[in-house]
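What follows is the residue order along each chain.
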Amino acid sequence: MIAGAPTGPLARRRVAVTRAREQAGPLAEALERLGARVLLAAAIELVDPPDFGPLDAALGRLSAYDWIVFTSANTLPRLVARMEALGQDLAELARVPARLVAIGPATARGLEASGLAAYGAPEEFRAEGVVEFMSAEPLAGRRILIPRALEARDVLERALAAAGAIVEVAPTYCTRPWPGGVARARAALLAGDLDAVTFTSGGIARAFVEAIGDARPTLLGITRASIGPVTSEALRGLGLAPQVEAREATRAALVAALVEHYAGPWTAPEEEAEP
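Residues numbered from 1 in each chain as written. Predicted model: local features only at pLDDT ≥ 70, side-chain atom pairs only at ≥ 80, totals over all residues. Heavy atoms only, no water.

Asks: An account of unusual backbone geometry is needed here, citing residue identities and associated values.
Replies: For R12, which is not glycine, the phi dihedral falls at a positive 70 degrees. You can see R12 is positioned in the segment before β1 (14-17). (Helix = DSSP H or I, 4+ residues; strand = E, 2+ residues; numbered from the N terminus.)

Given below as structure tokens:
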């Protein structure tokens, strides 16, 4: 073996990470530690919502909410940035009586890093799991704020509203396709120099497939790795059913599923595990 050559269960596998640039780092680093050659191929970019009105109004009455649900790790920093633009302080969020709920460990870590205590987290890291978690106590008449991406599914707010809650959605950012971020991945696909592509949302999957254009048929010949059922459904809708699906919707589970696909059963070292 050549000195300095990559080692690990993903050694010499070239894997594309299609998340937005702000999100890609931890997944790329986890794959690289296991020997993969990572190609950053951001299929989307995160931008401000077209209208900050709903978010500004919500930030002006934070004390009125009984629950605030954070559905992704992207939400809090953008919410905080908007608070600062309005002359507010993060301490105001820490003082509100509302219970804070985080979907997924990365979102929970973001709250903790900002000094905010999450009331709890659902076992299932998607909207359906949050509904089950919050329904453990009466929701009728409770005011619930959901700061989120503009394009997010409305499963959560519809289910909470059906339980009698008063739900407000406040977009903190939106996503848009970024064809330029996919250019190198398209070239690698056409050259036969890509082993796998990771997908972490349906929107990312659709943007990536649209951006690669005539290179789409080459995706049928490589490993398509999905972070969970919702993303897998989107891929199947594109005619690109995934060969790999994470057991839970986390980065660590996606990495583990990809390793198991190539190298068999595998347990992440403690430093790789996602809390």
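What follows picks up the thread again.
Asks: Explain the pattern of salt bridges to me, and be specific about the residues and the numbers.
Replies: Under the criterion given, the structure shown has 14 salt bridges. Linking R142 and D66 is a salt bridge whose minimum nitrogen-to-oxygen distance equals 3.8 Å. In this pair, R142 sits in the loop between α6 (127-134) and β6 (143-149) while D66 sits in the loop between α2 (53-59) and β4 (67-70), placing the two residues 76 residues apart along the sequence. On the accessibility criterion, R142 (37% relative accessible area) is partly exposed. Its salt-bridge partner being E137, residue R99 comes within 2.7 Å of it at the nearest N-O pair. (Salt bridge = Lys/Arg side-chain N within 4 Å of Asp/Glu carboxyl O. Buried < 20%, exposed > 50% of the residue type's maximum accessible area, 1.4 Å probe, protein only.)

Asks: Pulling in residues and values, what's your account of the sheet that holds strand β3 (residues 44-47)?
Replies: A sheet is described by the order of its strands in space; here 5 strands give the open sequence β3-β7-β6-β4-β5, paired in mixed fashion. Edge strands, defined here as strands with exactly one partner in the open sheet, are β3 and β5 (99-102). For this sheet the average axis-to-axis angle between neighbouring strands, irrespective of direction, equals 25 degrees. Where β6 and strand β7 (residues 166-177) come together, 7 bridges link them in parallel fashion. Of the residues in β7, the one forming a bridge with P147 is A170. Running over the sheet, helix α3 (residues 75-85) touches β3, β4, β6 and β7 and is turned about 100 degrees from β7. (Pairing = 2+ DSSP bridges. Axes fitted to C-alpha atoms, helices over the stretch in contact; angles between N-to-C directions. Contact = heavy atoms within 4.5 Å.)

Asks: Describe the environment of R21, and please don't skip the residues or the numbers.
Replies: You can see R21 is positioned in helix α1 (residues 21-33). Taking C-alpha positions, R21 is 8.4 Å from I44, a pair spaced 23 residues apart along the chain.

Asks: Which residues make up α3, and what are the values?
Replies: Buried within α3 are the following residues: T75, L76, R78, L79, V80, R82 and M83. Looking at the residues trailing α3, positive phi occurs at G87, about 80 degrees.

Asks: Mind laying out the packing of α1 against helix α11 (residues 251-263), listing which residues take part and the relevant values?
Replies: Between α1 and α11, the shortest axis-to-axis distance is 10 Å and the interhelical angle comes to 35 degrees. The handedness of the crossing between α1 and α11 comes out as right-handed. Contact residues: α1 offers P26, L27, A30 and L31, while α11 offers R251, L254, V255 and L258. (Left-handed = near helix turned anticlockwise from the far one by under 90°.)

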